[in-house]
Amino acid sequence: MRALTWQAPNRLSVETLPDPGIVNPKDAILKVVMSSVCGSDLHLLDGYVPTMHPGDVLGHEFLGEVVETGAAVTGLKKGDRAIAISIIGCGECGYCSEGHFNCCDNSNPNGQQTELAYGYSCAGIFGYSHAFGGYAGSHATYVRVPYADVNLFKVPDGVSNEQAVFVSDAAPTGYFGADRADIQRGDTVAVWGCGGVGQMAIRSAYLLGAERVIAIDRFADRLRLAEEKAGAIPLDYTRTDVHEALLELTGGRGPDRCIDCVGMEAHGTGIEQVYDKAKQQLRLHTERGAALRQAIRACRKNGTVSVLGVYGGLLDKFPMGAIVNKALTLRSGQQAGQRYVPRLFEHIQKGELDPSYLLTHPMDLEQGPEGYHLFKQKAQNCMRAVFLP
Amino acid sequence: MNHDHPTLVSTRHPVGGSDQPNVQGLERIASLVTGGVLLGHGLRSSGLGGWLQVLLGGLALARGTTGRCPAKRALTPTPLESELAEENRWSSAKTLSRSITIDKPRTELYRFWRDFSNLSRFMTFIERVEVLASDRAHWVARLPMGKTLEWTTRLTEDRPDELLAWMSEPDAPIRNLGWVSFRDAPQGKGTEIKAVIAYEPPAGKLGYALAQTLDLLPTMKAAQDLRRLKQLMETGEIATNSTRPATVRRPVEPSPTVFHHGSTGVH
């Protein structure tokens, strides 16, 4: 089969690899129909996530057709159109049993690396470095999906491929972040970052009862989509003082809930940006936290900050004082999408959610490196390049 | 050995032992003298060598003056290790321990472990365990370059659904013992397993110091092995990132529930 592989920081290539097969009885093999790039891949590309090996297959947001199932798979059959959740759950451990699939104890065969870094082993993720399991990703003709009954979901009628593919990662991540933010009816929610996940977080905040959502970014096109497609009030932080604008828009109270959809390669302004970037390039810290710092400062007293953006290691100048003295709640996590898929498909069927506008650049898998280049540079207003193997 | 309330494996120092002087008598005098000589010589020498002597001399002097040496303390056996060495008349004992909670009943886990031939299904370092009699087992461990290490153990304690303890027979190349306890986790959330392995490092104190320095790797391995046990018991399979079915790697006949011994990130 053909697959888009990581070779070195910012060097990708399409290679021919052996087709995957059933290894464990709960596996399924999917013939990939659509596989999307994701903002979190950029951290792998840029070399900020260690334990990537040359030849690793990227991609964790995908839709395909079931072509083979293991002996213990009961809920799927050959020919099913399905999406997979990017964070792998086993369905059996204590965490999965309680719906916290994102904290699965069993899905990571390389648990020792996250145990050493974070204290406990973390769940496996498709195409997301060896620390997160070393699973081959979905930018390929075929992909092996472990614990298929838990991680694969059949796409119901009335939901198109273009809509369904984002129920793999962007939509449930946005929804998870909004859910974790504990939004109450009438709340004002501020969302940092208007990429795919940010767009979904804005829409999800409304679905969960927010009255107003304010979206912060610097790309005019993304802000336009946040306004037109998701209904947010756009703020361009390169032109507007975000903190003052948030006060101005909320009668001086500040947003009730803040959602960070940016992560460790945030762009700030002025001296903060220069300082963060320099330290990151010297590997003195792994994260640039401008967006998160701003969110923590902007959040109203007793409010909630929900962190969806990916952070990998240590963040410098973390405003703990603001958290303590404003009695903030900080919540975070990789998505537990298995919990939300049925709900999200329902919203799509009812016309309350339509993620398909994220798909700006359908491309051939052979154009993979080019697709990532477009996405990284945000050229041609690229929101998501999606490969069609 | 009291397996029910043993000293914690993770307790590094005896009570009050973390700040007590640990350099005494001749050793302390030797530290002072060596430190003084090195410092004096270093100050008269030039270049990197001189600085190095000043540094080492300073450290030795501090060691002699304060009577405290953090490096020595870090390489001193833990209270449990001292107990085990004394009880078994070993020159020293090195312990390795991890705990894990598995969402299965105590009985099921006890029974699985009680059949020692199952251990090779999740312990990567163990090639196979042959059950010789109900209380004796023969272990074959994998060493680098295709070599193996073999020994026989006998069961020293067997409390169904609670505890299993074993000890190597006197002719073992490296004397060792181990025990595993099974306890109900709170709120019916399965079983807490605590596994402890102890062995007598070859080459006495030096061997112990070496084992202690390299402690992280075996501890991580032990944690990984217990996670594999958890995966096997909870999901019926061992997680793997391999994309092709494994070619048969083991000479022993495969057991019906072992599907794959997955690769790990440490190669």
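As the structure is a computational prediction, the values presented were derived from the model and not from experiment.

> Describe the domain arrangement of chain B, listing the residues and the values that go with them.
By the assigned domains, chain B splits into domain 1 (25-74) and domain 2 (79-235). A straight line from the C-alpha centre of domain 1 of chain B to that of domain 2 of chain B covers 41 Å.

> Got a sec to walk through the pattern of salt bridges? Specific residues and values, please.
One pass over the full model with this rule turns up 29 salt bridges over all chains. One salt bridge in this structure joins Asp256 of chain A and Arg300 of chain A, with 2.5 Å as the shortest N-O distance. Taken together, the residues span a long stretch of sequence, with Asp256 of chain A in the loop between α9 (242-249) and β12 (257-260) and Arg300 of chain A in the loop between α11 (290-298) and β13 (304-307) at a distance of 44 residues. One continuous salt-bridge network, built from bridges that share partners, spans Asp105 of chain A together with Lys230 and Glu234 of chain B.

> Talk me through the interface of chain A and chain B; I want residue IDs and the actual numbers.
Chain A puts 35 residues into the contact, and the matching count from chain B is 27 residues. Between chain A and chain B the total buried area reaches about 2,500 Å² when both faces are included, carbon and sulfur atoms providing 49% of it. Of all residues in chain A, Val23, Asn106 and Gln112 of chain A bury the most surface against chain B, accounting for 23% of the area lost on that side. Between the two partners, chain A and chain B, sit four salt bridges. Residue Glu115 of chain A is joined to Arg98 of chain B by a salt bridge in which the shortest nitrogen-to-oxygen separation is 2.6 Å. Summed over the shared surface of chain A and chain B, the number is 16 residue pairs in polar contact (both at pLDDT 80 or more). No other element matches the five residues that helix α3 (residues 111-118) of chain A contributes to the side of chain A that touches chain B. When the residues that make up the side of chain A that touches chain B are grouped by side-chain class, the tally is 12 nonpolar, 15 polar and eight charged.

> Residue-level account of the domain arrangement of chain A, with values.
Residue and element names in this part refer to chain A. The assigned domain composition of chain A is domain 1 (2-169 + 335-388) and domain 2 (171-332). Put simply, the middle of domain 1 and the middle of domain 2, counted by C-alpha atoms, are 25 Å apart. At the junction of the two partners, domain 1 supplies 34 residues and domain 2 supplies 28 residues. Summed over both partners, the interface of domain 1 with domain 2 buries about 2,700 Å², with 61% contributed by carbon and sulfur atoms. The interface formed by domain 1 and domain 2 includes zero salt bridges. At the boundary of domain 1 with domain 2, the tally comes to nine residue pairs in polar contact (both at pLDDT 80 or more). Listed by contribution, the elements that provide at least two residues to the side of domain 1 that touches domain 2 are α1 (39-45) and α13 (341-349).

> An account of the packing of helix α1 (residues 25-44) of chain B against helix α2 (residues 47-66) of chain B is needed here, citing residue identities and associated values.
Geometrically, a packed helix pair is captured by the angle between its two axes and the distance between the axes. Residues and elements named next belong to chain B. Direction vectors running N to C along α1 and α2 enclose 155°, while the axes themselves pass 7 Å from each other. As judged from the angle between their axes, α1 and α2 are roughly antiparallel. α2 is crossed by α1, and the crossing has left-handed handedness. Only Gly50, Gln53, Val54, Leu56, Gly57, Gly58, Ala60, Leu61, Arg63, Gly64, Thr65 and Thr66 of α2 make contact with α1, whose side of the interface consists of Glu27, Arg28, Ser31, Leu32, Gly35, Gly36, Leu38, Leu39, His41, Gly42 and Leu43. Per-class residue counts for the contact of α1 with α2 are eight nonpolar, 12 polar and three charged.

Each value, and the rule that gives it
Residues take numbers from 1 onward in each chain, read along the sequence in its written order. Chains and ligands are labelled by the order in which they are written, letters from A for the one and numbers from 1 for the other. Selection of residues for local features in this predicted model requires a pLDDT of at least 70, selection of side-chain atom pairs for listing and counting requires 80 or more, and totals for whole chains, interfaces and linings are taken over all residues. Neither water nor hydrogens contribute to the side-chain values; these are computed over all heavy atoms in the structure. Domain borders in the structure are assigned automatically or taken from a domain database. Only one rule defines a salt bridge in this text: a Lys or Arg side-chain nitrogen within 4 Å of an Asp or Glu carboxyl oxygen. Helix and strand labels come from DSSP, where a helix needs a run of H or I of at least four residues and a strand needs a run of E of at least two; each type is numbered from the N terminus. Whether two residues are in contact is decided by their heavy atoms: any pair within 4.5 Å suffices. Accessible area, probed at 1.4 Å, shrinks when two parts are joined; the buried area is that loss added up over both. Two N or O atoms count as a polar contact when they lie within 3.5 Å, although within protein this holds only if one can serve as hydrogen donor and the other as acceptor, and sequence-adjacent residues are included solely when both atoms are side-chain atoms. Amino acids are sorted into nonpolar (Ala, Val, Leu, Ile, Met, Phe, Trp, Tyr, Cys and Pro), charged (Asp, Glu, Lys and Arg) and polar (every other residue, Gly among them). To get an axis, fit a line to the C-alpha atoms, keeping to the stretch in contact for a helix; angles then go from 0 to 180 degrees between the N-to-C directions. Working rule for angles: under 35 degrees goes down as roughly parallel, over 145 as roughly antiparallel, 65 to 115 as roughly perpendicular, anything else as oblique. The crossing is said to be left-handed when, going from far helix to near helix, the turn is anticlockwise and less than a right angle, and right-handed when the turn is clockwise.

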